[in-house]
Amino acid sequence: AQKVTQAQTEISVVEKEDVTLDCVYETRDTTYYLFWYKQPPSGELVFLIRRNSFDEQNEISGRYSWNFQKSTSSFNFTITASQVVDSAVYFCALSEARRGSYIPTFGRGTSLIVHP
Amino acid sequence: NAGVTQTPKFQVLKTGQSMTLQCAQDMNHEYMSWYRQDPGMGLRLIHYSVGAGITDQGEVPNGYNVSRSTTEDFPLRLLSAAPSQTSVYFCASKRGLEGNEQFFGPGTRLTVL
């Protein structure tokens, strides 16, 4: 079973639409960390946000916002008023105590295409 | 700082050939890891290291060897390349504190014929 599930393989929107990328995780640990990374067409991986399991506050950064809900084991990512530059593959990741290392496990990614 | 560097950027191998993918970081990070990225599969962890002299297996370690003789370097060795190892390989590093994010290299695109 996947530890991080990103059920949306690909999402296509028109510029200025709002879009939410879903992430569901599975862990038995009480201490863990969740991340979102962006991979634009150029291929590099860019860190967006980190959230620890003890902090369920939502976070907003410009047009980006994240909703962390432990009750549903979800860490969803919303882009408001999407732009063409938001087109990328977005990965959600979970970091647990893997033999003490906290090296992240990634979901399969959601490809977001924003049309002008 | 150069961050995390990987060489080569592209490589084509024939089945059965061996090669080493190089990874280096100049941030004095304790943890380093190797992932492979395949279409529809996300990033899968191959091997990781929590410090010089210490390595461990990830989700898909078969066919790959690693060693960590210095803090800076974490090479990935393919002893006998197979077409199933055609992929994009990313190296990453992070500070040892549990919640820190990883910094990724630019990736190596490997094709095995």
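Everything below is about the structure printed above this text.
The notes below deal with the structure included here. Computed from a prediction, not measured in an experiment: that's the story for all the values here. (Residues numbered from 1 in each chain as written. Chains lettered and ligands numbered in written order. Predicted model: local features only at pLDDT ≥ 70, side-chain atom pairs only at ≥ 80, totals over all residues. Heavy atoms only, no water.)

Looking now at the overall build of chain B. Looking only at helices and strands, chain B has zero helices and 11 strands in total. N-terminal to C-terminal, the α/β element order of chain B is β-β-β-β-β-β-β-β-β-β-β. Radius of gyration (C-alpha) of chain B: 13 Å, near the 13 Å computed for a compact globule of 113 residues. Within chain B, the proportion of its 113 residues that are buried is 49%. Considering only residue pairs separated by 6 or more positions, chain B has 54% of its internal contacts joining residues 24 or more positions apart. (Helix = DSSP H or I, 4+ residues; strand = E, 2+ residues; numbered from the N terminus. Rg over C-alpha atoms; globule rule 2.2 N^0.38 Å. Buried < 20%, exposed > 50% of the residue type's maximum accessible area, 1.4 Å probe, protein only. Contact = heavy atoms within 4.5 Å.)

In this section: the sheet that holds strand 7 (residues 64–66) of chain B. Residue and element names in this part refer to chain B. Overall, antiparallel pairing links the four strands, which are arranged 1-3-8-7 in an open sheet. Bordering the open sheet on either side are strand 1 (4–7) and strand 7, each of which pairs with just one other strand. Within the sheet, the average angular offset between the axes of one strand and its neighbour, ignoring direction, is 20°. Bridge count for strand 3 (residues 19–25) against strand 8 (residues 76–78) is three bridges, and the pairing is antiparallel. Within the sheet, the bridge partner assigned to Thr20 lies in strand 8 and is Arg77. (Pairing = 2+ DSSP bridges. Axes fitted to C-alpha atoms, helices over the stretch in contact; angles between N-to-C directions.)

Residues and elements named next belong to chain A. The topology assignment puts Thr27 in the loop between strand 4 (24–25) and strand 5 (33–39). Judged by its relative accessible area of 22%, Thr27 falls in the partly exposed class. With 48 residues separating them along the chain, Thr27 and Phe75 place their C-alpha atoms 13 Å apart. In this view, Thr27 contacts Tyr32, Leu94 and Glu96; residues no more than four positions away in its chain are not counted. A polar side-chain atom of Thr27 sits 3.0 Å from the main-chain amide nitrogen of Asp29. (Polar contact = N/O pair within 3.5 Å; in protein donor to acceptor, adjacent residues only side chain to side chain.)

With that out of the way, let us pick up the state of the cysteines. Residues and elements named next belong to chain A. With the rule as written, the count across this model stands at two disulfides over all chains. Note that Cys23 is cross-linked by a disulfide to Cys92, the S-S spacing being 1.9 Å. Disulfide Cys23 to Cys92: torsion about the S-S bond roughly -65°, handedness left-handed. Here Cys23 is found in the loop between strand 3 (19–21) and strand 4, whereas its partner Cys92 is found in strand 10 (residues 88–95), with 69 residues between them in sequence. (Disulfide = S-S within 2.5 Å.)

At the interface, 22 residues of chain B touch 22 residues of chain A. Summed over both sides, the interface between chain B and chain A buries roughly 2000 Å², with carbon and sulfur atoms accounting for 57% of that surface. On the chain B side of the contact with chain A, Leu43, Glu98 and Glu101 of chain B bury the most area, a combined 27% of that side's loss. At the boundary of chain B and chain A, one finds one salt bridge. When the shortest N-O distance is used, the salt bridge between Arg50 of chain A and Glu101 of chain B registers 2.6 Å. Of all the secondary structure elements, the ones that give two or more residues to the side of chain B that touches chain A are strand 4 (31–38), strand 5 (42–51), strand 6 (54–57) and strand 9 (87–94) of chain B. Considering every element that reaches the side of chain B that touches chain A, the biggest residue donor is strand 5 of chain B, with five residues. (Buried area = accessible area lost by both parts, 1.4 Å probe. Salt bridge = Lys/Arg side-chain N within 4 Å of Asp/Glu carboxyl O.)

This part takes up unusual backbone geometry. Cis geometry marks the peptide bond from Thr7 of chain B to Pro8 of chain B, where omega comes out at -5°. Relative to the elements of secondary structure, Pro8 of chain B occurs in the loop between strand 1 and strand 2 (10–13). Unlike most non-glycine residues, Ser73 of chain A shows phi in positive territory, near 50°. Within the secondary structure, Ser73 of chain A sits in the loop between strand 8 (64–69) and strand 9 (74–79). By relative accessible area, which is 24% here, Ser73 of chain A ends up partly exposed.

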